[in-house]
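Chains, contacts and geometry: an overview
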Amino acid sequence: MEARKAASAPWQHRPILLVGHMGSGKSSVGRRLADTLGWPFVDSDTEIEAAAGLPIPEIFARFGEPGFRDGERRVIARLLAEGPRVIATGGGAFIDPATRARALAAATVVWLDADIDTLVARVGRRSHRPLLAGRDARAVFESLFETRNPAYALAHLRVPTGAGPHEETVGRILSALATLDA
Ligand code: S3P
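Below or above, wherever it landed, is the structure these notes cover. Just so we're clear, the structure is a prediction, and the values are computed from it rather than from any experiment.

**Some points on the overall build of the protein chain**
Scanning the protein chain from terminus to terminus reveals eight helices and five strands. Its helices and strands in sequence order give the protein chain the pattern α-β-α-β-α-α-β-α-β-α-α-β-α, from N to C terminus. For 182 residues, the compact-globule estimate of 2.2 N^0.38 gives 16 Å, and the protein chain sits close to it at 16 Å. Taking the principal axes of the C-alpha coordinates as reference, the protein chain spans close to 55 × 35 × 25 Å. Classification of the 182 residues of the protein chain by burial places 45% in the buried group. Sequence separation of 24 or more characterises 74% of the internal contacts of the protein chain that already satisfy a separation of 6 or more. Put simply, the protein chain shows about 8900 Å² of open surface, and 54% of that area lies on carbon and sulfur atoms.

**Examining the environment of Ala51**
Tracing the chain through its elements places Ala51 in helix H3 (residues 44-52). Sequence separation between Ala51 and Gly64 is 13 residues, and the spatial gap between their C-alpha atoms is 16 Å.

**Regarding the pattern of salt bridges**
It is possible for side chains bearing opposite charge to pair when their charged atoms get close. Inspection of every chain in the model, using the stated rule, returns twelve salt bridges. One salt bridge connects Glu65 with Arg69, and the closest N-O pair in it is separated by 2.9 Å. Here Glu65 and its partner Arg69 are both found in helix H4 (residues 56-80), four residues apart, which amounts to about one turn of the helix. Taking relative accessible area as the criterion, Glu65 reaches 32% and is therefore assigned partly exposed. The class of Arg69 is buried, set by a relative accessible area of 14%. Where Arg138 meets Asp117, a salt bridge forms, and the shortest distance between an N and an O atom there is 3.0 Å. With Arg138 in helix H7 (residues 137-152) and Asp117 in helix H6 (residues 116-123), this residue pair connects regions lying 21 residues apart in the sequence. Here the salt bridges share partners, and the residues they tie into one network are Glu47, Arg78, Glu82 and Arg85.

**A closer look at the nonpolar core**
Soluble globular proteins: nonpolar side chains tend toward being buried together. Counting 33 residues, the largest nonpolar core has Leu17, Val19, Met22, Leu80, Phe94, Val109 and Phe141 as its most contacted members. Broken down by secondary-structure element, the contributors of at least two residues to this core are strand S1 (16-19), H4, strand S4 (108-113), H6 and H7. If we skip the residues at most four places from it in the chain, Phe141 touches His21, Met22, Ile116, Leu119, Val120 and Val123. Core analysis: the next-biggest nonpolar cluster, separate from the first, contains 17 residues, Ala9, Ala34, Val86 and Val159 among them.

Conventions used here
- Counting from 1, residues in each chain are numbered in the order their sequence is written.
- A pLDDT threshold of at least 70 governs which residues receive local features in this predicted model, and a stricter bar of 80 or more applies before side-chain atom pairs are shown or counted, although totals over entire chains, interfaces and linings include all residues.
- Neither water nor hydrogens contribute to the side-chain values; these are computed over all heavy atoms in the structure.
- For helices the rule is a DSSP run of H or I covering at least 4 residues; for strands it is a run of E covering at least 2, with both sets numbered from the N terminus onward.
- Each radius of gyration reported is based on C-alpha atoms, and the globular scaling rule is 2.2 Å times the count of residues to the power 0.38.
- Buried residues are those whose accessible area, probed at 1.4 Å on protein chains only, stays under 20% of the maximum for their type, while exposed residues exceed 50% and partly exposed ones sit between those limits.
- The contact definition used throughout considers only heavy atoms, calling two residues in contact when any of these lie within 4.5 Å.
- The Shrake-Rupley method, run with a 1.4 Å probe sphere, supplies the accessible areas, and residue values consider only the shown protein chains as cover.
- In the sections that follow, a salt bridge refers to a side-chain nitrogen of Lys or Arg positioned within 4 Å of a carboxyl oxygen of Asp or Glu.
- The definition of a nonpolar core used throughout is a set of buried Ala, Val, Leu, Ile, Met, Phe, Trp, Tyr and Cys residues joined through side-chain atoms within 4.5 Å.

Structure (structure tokens):
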């Protein structure tokens, strides 16, 4: 009876969209979550690069951040229409009002909430992220916490994540999803 109830839980028929800051582990955790659920996994940044035929830094360089956001909005709208799958998004995706409204209506949105120390350690000195290139990562995150956390807080589920193994975060997501079964 319980199993039947869980099998028909609405979240099982919708994509799961992972949101959160750069370095919060959306792609690594998302891939493992998808494996556990037996669902496809897709990374919106990878899909944007494939659609543009360019790596993200090049998209920013040629078309600016607004050009990147246009592509991101279109790609995520397509991914949200493709049925149950785990979708890892770029850190700015859920800040866009149109993407946010579409995601909240069509998916289960999970905020991977990491603290600044974890994020700074994770992004390290790598500069493939245009928003961090040549900047002090801690200062960038302090500013992004102010501007973006209010949007992330609108996600259906908030799951804390830290320096521990990704499996731990996957376990927390599964427990959070189970609360939606009730
Ligand atoms: C961005 C985050 C990046 C990527 C782009 C912009 C952002 O993705 O989409 O560089 O605005 O925070 P990750 O969150 O996977 O680093």
